[in-house]
Amino acid sequence: MLEYQAAKDLLINKTILVTGAGDGIGRAAAISFAKHGATVILLGKTVKKLEAVYDQIVQAGYPKPAIVPLDLKGATEQNYIDMAETIQEQFGHLDGALHNASLLGVLGPFEHISMDSVKEVMQVNVIAEIMMTRALLPIMKKAPKASLVFTSSGVGRQGRAFWGEYAISKFATEGMMQSIADEYEGSSLRVNSINPGATRTGMRANAYPAENPSTLKEPEDIMATYLYLMGDDSVDVNGQQLSAQ
Ligand code: NDP
């Protein structure tokens, strides 16, 4: 999908929520969506990082974004309901949501998996996505055309030794994507997933500490698929597992 060319005004008048918008791929996606005309809602854990992205978007002259500081580890159902209400009040509806924030957890033999780590990974990568999606669906259904995008991984489509807890969370994400997509087939809402592929971020460096990062694509290099799924060119695409590279 690297070859897709997004029109400059692809996302004009759209409001799009990005989780994990302060760093890595989420940061690049938020800036790229704003560059193409969207008002982005920057959700993340570290406020300083969100503020830096906010400043960069404003300084570039793109539509003024909004910041939602939220730690997905401790957030409650009520937090998501309140957030959806605020979005409804400010914007009337939500055109797009990119579930991007994730934890890698601990890589290692299945026998040695720590249940504390599993619970944390499942909370951030799966349970938080379920709660947030439940709260967002009513305001996404109000949009003329809405796009919900989940972030998967190579190990969300084929399991791999020593990647147990992260792989399980990404398979769950794919299952969630497919179930919601099937439920809303034929409606104004489409639901898909992206596997970003190996990308130069903090998470990748943690997973592969010996790798030379300069051999990897930067988050900015893989934005074509993200733009494609958020814009109306993908209006008939539903329930698909896309790859960004
Ligand atoms: P990074 O670790 O660079 O960024 C992750 C983002 O998620 C950060 O902004 C982080 O915020 C946020 N986040 C983590 N925990 C929480 C939390 N509890 N609450 C709120 N926000 C949180 O990861 P990438 O950019 O590499 O990954 C983005 C997505 O792409 C993930 O879903 C990942 O699984 C997937 N992916 C990445 C690949 C790669 O090669 N990079 C390959 C395959 C999939 P903060 O900085 O404040 O902690």
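Residues numbered from 1 in each chain as written. Predicted model: local features only at pLDDT ≥ 70, side-chain atom pairs only at ≥ 80, totals over all residues.

As annotated in an unreviewed UniProt entry, the chain carries the name YciK family oxidoreductase and is attributed to Shewanella psychrophila. Its UniProt record, at the heading Sequence similarities (unreviewed entry), says of the chain: "Belongs to the short-chain dehydrogenases/reductases (SDR) family." (UniProt positions renumbered as here; feature names shortened; annotations may be inferred.)

Enquirer: Even after reading the chapter, I still don't get the pairing of strand E3 (residues 66-69), so can you show me in this structure?
Expert: Moving residue by residue along a regular strand, the side chains alternate between the two faces of the sheet. Where strand E2 (residues 39-44) and E3 come together, 4 bridges link them in parallel fashion. In the strand pairing of E3, Leu43 is matched with Val68. Of the crossover connections in this fold, the one passing from E2 over helix H2 (residues 47-59) to the parallel E3 is right-handed. (Pairing = 2+ DSSP bridges. Helix = DSSP H or I, 4+ residues; strand = E, 2+ residues; numbered from the N terminus. Right-handed = clockwise from strand over helix to strand, strands pointing away.)

Enquirer: How should I be thinking about unusual backbone geometry in this particular structure?
Expert: A negative phi holds for most residues other than glycine; trans holds for most peptide bonds. Of note in the backbone geometry, Asn13 takes a positive phi value of approximately 70 degrees without being a glycine. Structurally, the position occupied by Asn13 is in the segment before strand E1 (15-19). Unlike most non-glycine residues, Phe162 shows phi in positive territory, near 75 degrees. Following the sequence through the fold, Phe162 ends up in the loop between strand E5 (146-151) and helix H5 (164-183).

Enquirer: Honestly, the site of the ligand in this entry has me stumped. Any pointers?
Expert: What surrounds the ligand is a group of 27 residues, the closest being Gly20, Gly24, Thr46, Ser102 and Thr201. If you list the elements that add at least two residues to the shell around the ligand, you get helix H1 (24-35) and helix H6 (202-207). Grouping the amino acids of the shell around the ligand by side-chain chemistry returns 8 nonpolar, 13 polar and 6 charged. (Near = placed C-beta within 6 Å. Nonpolar A, V, L, I, M, F, W, Y, C, P; charged D, E, K, R; others polar.)

Enquirer: Honestly, H2 in this entry has me stumped. Any pointers?
Expert: Residue pairs three or four apart in sequence face the same way in an α-helix, which turns once every 3.6 residues. The first and last C-alpha atoms of H2 sit 18 Å apart over 13 residues, in line with the 18 Å expected at 1.5 Å per residue. Buried-residue contacts for H2 involve H1, E2 and E3. Backbone geometry just downstream of H2 places Gly61 in the positive-phi region, at approximately 85 degrees. (Expected span 1.5 Å × (residues − 1). Contact = placed C-beta atoms within 7 Å.)

Enquirer: Please explain the confidence of the model for the chain as it appears in this structure.
Expert: Close inspection of predicted coordinates is inappropriate for parts of the model with low pLDDT. Chain-level statistics for the chain give a pLDDT mean of 97 and a share of 99% at 70 or above. Both confidence scores are given for the complex: pTM 0.98, ipTM 0.99. (pLDDT = per-residue confidence, 0-100.)

Enquirer: Would you explain the packing of helix H4 (residues 115-141) against H5 in this entry?
Expert: Each pair of packed helices gets described by two things: the angle between the helix axes and the distance between those axes. Where H4 meets H5, the axes come as close as 9 Å, and the angle between the chain directions of the two elements is 15 degrees. One way to sum up the angle between H4 and H5 is to call them roughly parallel. Judged by the sense of rotation from one axis to the other, the crossing of H4 with H5 is right-handed. Contacts between H4 and H5 involve Ser117, Val118, Val121, Met122, Asn125, Val126, Glu129, Ile130 and Thr133 on the former and, on the latter, Glu165, Tyr166, Ser169, Ala172, Thr173, Met176 and Ile180. When grouped by side-chain class, the residues that make up the contact of H4 with H5 number 9 nonpolar, 5 polar and 2 charged. (Axes fitted to C-alpha atoms, helices over the stretch in contact; angles between N-to-C directions. Parallel < 35°, antiparallel > 145°, perpendicular 65-115°, else oblique. Left-handed = near helix turned anticlockwise from the far one by under 90°.)

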